[in-house]
Amino acid sequence: MRKISGLRNARLDDGQRLVDLAFSDDGTIARVGRALKFPRGATVLDAGGGLLLPSFVDPHLHLDLAYSLDLLPPNRSGTLIEAIRLWSRFKRTLTAENVMQRAVRAIHDEVSYGTGLIRTHVDVATAAGLRLCEGVLAARQVCRDFCDVQVVVFPQDGILRDPGALDLMREAMRMGCDVIGGIAHNERSDEDSRRHIDLLFDLAREFDADIDCHIDETDDPDSRCTEYLAARTIAEGWQGRVTASHVCALGSYPDVHARKVIDLLAEGGVHVVTNPCVNLHLQGRYDRYPRRRGLTRVQELLAAGVNVAAGQDCIRDPFYPLGTGQMLSVAHMLVHADHLSTPALLRQAMRTVTDSAARAMRRRGYGTRVGCRADLVVLPAQSEHEAIRTCPRPQLVLKNARQVLPTSRG
Ligand SMILES: [Zn+2]
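Everything numeric here is computed off the predicted structure, so don't read it as measured data.

Student: Please clarify how the sheet that holds strand β9 (residues 179-183) should be interpreted in this entry.
Tutor: The strands that make up a sheet are held in pairs by hydrogen bonds between backbone atoms, and each pair lies either parallel or antiparallel. Pairing is parallel across the open sheet formed by eight strands, whose spatial order is β6-β7-β8-β9-β10-β11-β12-β13. Both outer strands of the open sheet, β6 (56-61) and β13 (308-310), are each paired with one neighbouring strand and no more. On average, each strand axis in the sheet is inclined to that of its neighbour by 25°, with strand direction left out of account. Pairing geometry for β9 and strand β10 (residues 211-215), over four bridges, is parallel. Paired with I183 across the strands is H214, a residue of β10. Packed on one face of the sheet, helix α10 (residues 327-337) meets β6, β7 (115-123), β12 (271-274) and β13 and runs near 75° to β6.

Student: How should I be thinking about the domain arrangement of the protein chain in this particular structure?
Tutor: Many structure descriptions define interface size as the accessible area lost when the parts assemble. The domain architecture assigned to the protein chain consists of domain 1 (6-54 + 366-405) and domain 2 (56-340). Spacing between the C-alpha centres of domain 1 and domain 2 amounts to 31 Å. On the side of domain 2, 17 residues touch domain 1, which itself brings 18 residues to the contact. The junction of domain 1 with domain 2 conceals about 1,300 Å² of combined surface from both sides, 65% of it contributed by carbon and sulfur atoms. Residues D148 and K399 are paired through a salt bridge, measuring 2.7 Å at the closest nitrogen-oxygen approach. Looking at the side of domain 1 that touches domain 2, the elements that each hand over two or more residues are β5 (51-54), β14 (376-379), α13 (384-390), β15 (396-399) and β16 (402-405). Element by element, the count of residues in the side of domain 1 that touches domain 2 is highest for α13, at three residues. The residue inventory of the side of domain 1 that touches domain 2, partitioned by class, reads 13 nonpolar, no polar and five charged.

Student: Explain the environment of L7 here, please?
Tutor: Relative to the assigned elements, L7 resides in strand β1 (residues 6-12). With a relative accessible area of 0%, L7 lands in the buried category. Other than its neighbours up to four places away in sequence, L7 contacts V19, D20, L21, F23, F38, V44, L45, A47, L52, V378 and L396.

Student: I keep staring at a positive patch on the surface and nothing clicks. Help me out?
Tutor: Together, R85, R89, R161 and R188 make up a region of like positive charge exposed at the surface. Relative to the helices and strands, R188 resides in the loop between β9 and α5 (190-207).

Student: Whenever I open this one, α5 confuses me. Can you help?
Tutor: The periodicity of an α-helix, 3.6 residues per turn, causes residues three or four positions apart to be oriented the same way. Under the 1.5 Å per step criterion, the end-to-end length of α5 is 26 Å for 18 residues, consistent within 8% with the ideal 26 Å. Where α5 is buried, its residues contact α4 (165-174), β9, β10, α6 (225-236) and β11 (242-246). Immediately beyond the C-terminal end of α5, within one or two residues, lies D208, with a positive phi of roughly 50°.

Student: I keep staring at the packing of α10 against helix α11 (residues 343-352) and nothing clicks. Help me out?
Tutor: Two quantities define a packed helix pair, namely the angle between the helix axes and the distance between the axes. At their nearest, the axes of α10 and α11 sit 9 Å apart, and the two run at 140° to each other. Comparing their axes, α11 and α10 come out oblique. The handedness of the crossing between α10 and α11 comes out as right-handed. For the pair α10 and α11, contact is made by L328, A331, L334 and V335 and by L346, A349, M350 and T352, respectively. Per-class residue counts for the contact of α10 with α11 are seven nonpolar, one polar and no charged.

Criteria and cut-off values
- Residues numbered from 1 in each chain as written.
- Predicted model: local features only at pLDDT ≥ 70, side-chain atom pairs only at ≥ 80, totals over all residues.
- Heavy atoms only, no water.
- Pairing = 2+ DSSP bridges.
- Helix = DSSP H or I, 4+ residues; strand = E, 2+ residues; numbered from the N terminus.
- Axes fitted to C-alpha atoms, helices over the stretch in contact; angles between N-to-C directions.
- Contact = heavy atoms within 4.5 Å.
- Domains from an automatic or database assignment.
- Buried area = accessible area lost by both parts, 1.4 Å probe.
- Salt bridge = Lys/Arg side-chain N within 4 Å of Asp/Glu carboxyl O.
- Nonpolar A, V, L, I, M, F, W, Y, C, P; charged D, E, K, R; others polar.
- Buried < 20%, exposed > 50% of the residue type's maximum accessible area, 1.4 Å probe, protein only.
- Patch = residues over 30% accessible without salt bridge, like charges linked within 9 Å, V, L, I, M, F, W, Y side chains within 5 Å.
- Areas by Shrake-Rupley, 256 points an atom, 1.4 Å probe, with all protein chains shown as cover.
- Lys, Arg positive; Asp, Glu negative; His and termini not counted.
- Charge placed at Lys NZ, Arg CZ, Asp CG, Glu CD.
- Expected span 1.5 Å × (residues − 1).
- Parallel < 35°, antiparallel > 145°, perpendicular 65-115°, else oblique.
- Left-handed = near helix turned anticlockwise from the far one by under 90°.

Structure, rendered in structure tokens:
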């Protein structure tokens with residue numbers, strides 16, 4: 001990938017101004033301004049007035065599952081429960097090599113749409129062992145020059161109901177994974193769900209790691225794991241280091257209880273990741289009509305100051321047959337799913353797959369300011385609104401000031 005010294009005619013600040021950017025040798029943004037001077041022979045690209053954004057961030061993906069759809073029997077009920085069962089049987093047979101190949105393909109897809117940073121969950125249930133983790137870590141290594149991948153150790157089949165999973169989580173962290181994952185609602189009782197969350201904090205302390213827990217991914221208004229996660233976050237002093245993924249039940253709670261939980265999430269600085277494509281697809285499956293959308297309360301969380309990000313979650317797997325890895329289309333879907341239609345809310349929708357997602361992952365140096373990494377994308381659009389409306393492919397993708405797309409020699 002060739003090194004780029006700068007960029008001309010890039011549209012910044014939601015299309016408000018055209019600027020040039022100069023990059024440092026270390027791959028960061030050195031200068032932003034009008035009509036910048038470059039040394040003779042410097043490689044400077046013309047953005048042609050295209051919209052400049054920091055690379056997209058996918059804060060919730062399952063690389064070990066990607067492109068497995070055709071390898072398994074069909075999910076006839078379309079529910080999360082049937083998907084977990086199908087996957088639990090199938091994963092016993094998987095090799096690390098097969099996981100790596102599918103994961104590399106999915107990372108390439110994401111990058112082709114301008115993603116530069118991915119947080120993936122990797123299944124370390126006892127039926128999976130550490131083979132899936134090996135495959136995903138190998139894929140991260142293969143793709144390291146053009147995409148950063150953060151790996152969450154994910155006990156898909158629970159911790160208490162899958163004895164041995166806790167040891168595998170620990171082992172996977174020692175292998176180089178980054179974040180403690182969980183699936184609190186997938187235990188046998190409310191008591192076990194709370195114990196599950198306690199164990200996540202024990203591990204987080206042991207490894208000084210952040211937590212990203214699948215939680216309350218159900219329409220059941222009595223699924224109450226999220227409040228406990230937020231309360232523990234505050235009690236443990238882990239504010240800003242915990243992400244609650246999905247949080248669908250919040251959408252089905254009575255308003256008075258939802259208010260309590262949203263306030264707790266705000267107090268705990270808990271990030272919320274919603275996965276609009278997959279939750280529109282998986283939730284509401286036990287409803288007749290009208291069917292619930294199944295998402296968390298995005299607008300109410302935002303209004304309370306909770307950091308909300310959005311993920312792709314799945315690409316062609318037993319949980320969800322579609323998915324492309326295009327974060328713009330995830331934002332596009334979110335606009336529909338929770339009515340983010342005013343100019344301010346459209347901007348918020350773009351944040352869910354850029355700044356807010358980077359913040360949930362505690363990524364430093366993310367953005368288009370001087371000093372940030374030159375992990376950038378240029379879109380053929382005049383504004384963020386137009387980009388979300390048309391979901392174009394990027395015309396240029398840079399990673400550490402190197403040209404990823406269109407592919408170049410040198
Ligand atoms: Zn997930």
